[in-house]
Amino acid sequence: MKHAETIEKTITFVRKTLENAEGGHDWWHIHRVWLNAKRIAAHEQADMLVVELAALLHDIADSKFHNGDEEIGPATAGKFLNELNMDEATITHVQQIIRHISFKSGFDKKAFHSKELDIVQDADRLDAIGAIGIARAFSYGGFKGREIFNPEIAPNLNMTKEEYKNSATPSINHFYEKLLLLKDKMNTATGKQLAEQRHHFMELYLQQFFDETGTFVQQ
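K.L.:
Would you explain the overall build of the chain in this entry?
P.N.:
Helix and strand counts for the chain stand at 10 helices and 0 strands. A compact globule built from 219 residues would reach a C-alpha radius of gyration of about 17 Å, and the chain, at 18 Å, matches this within 12%. Along the first, second and third principal axes, the C-alpha atoms of the chain reach 60 × 35 × 30 Å. The long-range share in the chain, meaning contacts at least 24 apart out of those at least 6 apart in sequence, stands at 66%. Summing over all exposed atoms, the chain offers an accessible surface of approximately 11100 Å²; the carbon and sulfur share of this is 50%.

Okay, structure coming up:
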């Protein structure tokens, strides 16, 4: 199967699978990550098929929406790619990227690395910061019924993986517990460059937020 046909079939599958997904993890999130991954990969030596497939399938079954099951995403992607008769090496590589792309995977010892993971991870992180990152943070917080902000609840900057996975703190805390940390975790030169402006925008937003509320976040 040609590259373009494979990508088209994958897009159709992802759009159908995520048609009722939470707004921050829907098809349009996938679409943005896919575009960013291609933009970053243009400056890197990488397997473009793996990059595109992993970008398109990275949230096909996010564990946070499946009772914390961290294998359902790789399994779902693997089943689909097998149905496309993809070669085993490509399937395994895409599954490994899905397993290791998330912020919470950083709590574990790094067990897998590839240039393609670096690219797709940067693309996903870019969608978690800046204007769209702010929108996604509050979308997910609302979906989970969380407070926007509570000045009496300080961010936890030393969480374990389990504490992070089970956290139900206000959405503003998420900026300090994850989003503001992403700029310094970017892998590629392009990713780092793109992250700078988005990070600065979040800092300006938080300054405005606290100016309007007359409060500040405890740290």
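Resuming the write-up.
K.L.:
Looking at this model, I keep getting lost on the packing of aromatic side chains. Mind explaining?
P.N.:
Working definition: an aromatic ring pair is given by the centre-to-centre distance plus the angle between the planes. Counted under the stated rule, the structure contains 10 aromatic pairs. Ring geometry for Phe149 and Phe209: centres 5.6 Å apart, planes at 85°, overall edge-to-face. Here Phe149, found in the loop between α7 (130-143) and α8 (161-166), pairs with Phe209, found in helix α10 (residues 189-213); they are 60 residues apart in sequence, far enough to count as distant. Each member of the pair, Phe149 together with Phe209, is buried. Aromatic ring contacts, followed pair by pair, group Phe138, Phe149, Phe175, Tyr205, Phe209 and Phe210 into a single cluster. We note Lys38 situated over the ring of Trp34; from NZ or CZ to the ring centre the distance is 3.8 Å.

K.L.:
For this particular structure, what's the right way to read the nonpolar core?
P.N.:
In globular proteins that are soluble, nonpolar side chains generally tend to be buried together. In terms of nonpolar packing, the biggest core is built from 55 residues, with Val14, Leu56, Leu57, Leu81, Val94, Ile172 and Phe175 touching the most fellow members. Sort the elements by how many residues they give to this core and helix α3 (residues 48-57) lands first, with 8 residues. When neighbours within four sequence positions are excluded, Leu81 is seen to be in contact with Leu53, Leu57, Met86, Ile91 and Val94.

K.L.:
Quick question: what am I supposed to make of the pattern of salt bridges here?
P.N.:
Opposite charge on two side chains permits pairing when their charged atoms draw close. Under the definition given, this model contains 7 salt bridges. A salt bridge links Arg99 to Glu71; the nearest nitrogen and oxygen atoms lie 2.8 Å apart. With Arg99 in helix α5 (residues 88-100) and Glu71 in the loop between α3 and α4 (72-83), the pair connects residues that are 28 residues apart, well separated along the chain. Residue Arg99 is classed as partly exposed on the basis of its relative accessible area, which comes to 30%. Using a relative accessible area of 40% as the deciding quantity, one classes Glu71 as partly exposed.

K.L.:
Sorry, what's going on with the packing of α7 against α10 here?
P.N.:
Two quantities define a packed helix pair, namely the angle between the axes and the distance from one axis to the other. As a packed pair, α7 and α10 sit with axes 7 Å apart at the nearest point and diverge in direction by 55°. Taken together, the axes of α7 and α10 lie oblique to each other. Residue-level contacts link Gly130, Ala131, Ile132, Ile134 and Phe138 of α7 to Arg198, Phe201, Met202 and Tyr205 of α10.

K.L.:
Which parts of the structure should I look at to understand the environment of Asp62?
P.N.:
Along the chain, Asp62 falls in the loop between α3 and α4. The class for Asp62 is buried, based on a relative accessible area of 10%. Considering only alpha carbons, one finds Asp62 and Ala37, 25 residues apart in sequence, at a separation of 19 Å.

K.L.:
For this particular structure, what's the right way to read the packing of α5 against helix α6 (residues 115-126)?
P.N.:
Two numbers describe how α5 lies on α6: the axes approach to 10 Å, and their chain directions differ by 45°. When the axes of α5 and α6 are compared, the pair comes out oblique. Handedness of the α5/α6 crossing: right-handed. Residues His93, Ile97 and His100 of α5 pack against Glu116, Leu117, Val120 and Gln121 of α6.

How each quantity is defined
Residues numbered from 1 in each chain as written. Predicted model: local features only at pLDDT ≥ 70, side-chain atom pairs only at ≥ 80, totals over all residues. Heavy atoms only, no water. Helix = DSSP H or I, 4+ residues; strand = E, 2+ residues; numbered from the N terminus. Rg over C-alpha atoms; globule rule 2.2 N^0.38 Å. Contact = heavy atoms within 4.5 Å. Areas by Shrake-Rupley, 256 points an atom, 1.4 Å probe, with all protein chains shown as cover. Phe/Tyr/Trp six-rings, centres within 6.5 Å; stacked < 30°, edge-to-face > 60°. Buried < 20%, exposed > 50% of the residue type's maximum accessible area, 1.4 Å probe, protein only. Lys NZ or Arg CZ within 6 Å of the ring centre and 35° of its normal. Core = buried A, V, L, I, M, F, W, Y, C linked by side-chain atoms within 4.5 Å. Salt bridge = Lys/Arg side-chain N within 4 Å of Asp/Glu carboxyl O. Axes fitted to C-alpha atoms, helices over the stretch in contact; angles between N-to-C directions. Parallel < 35°, antiparallel > 145°, perpendicular 65-115°, else oblique. Left-handed = near helix turned anticlockwise from the far one by under 90°.

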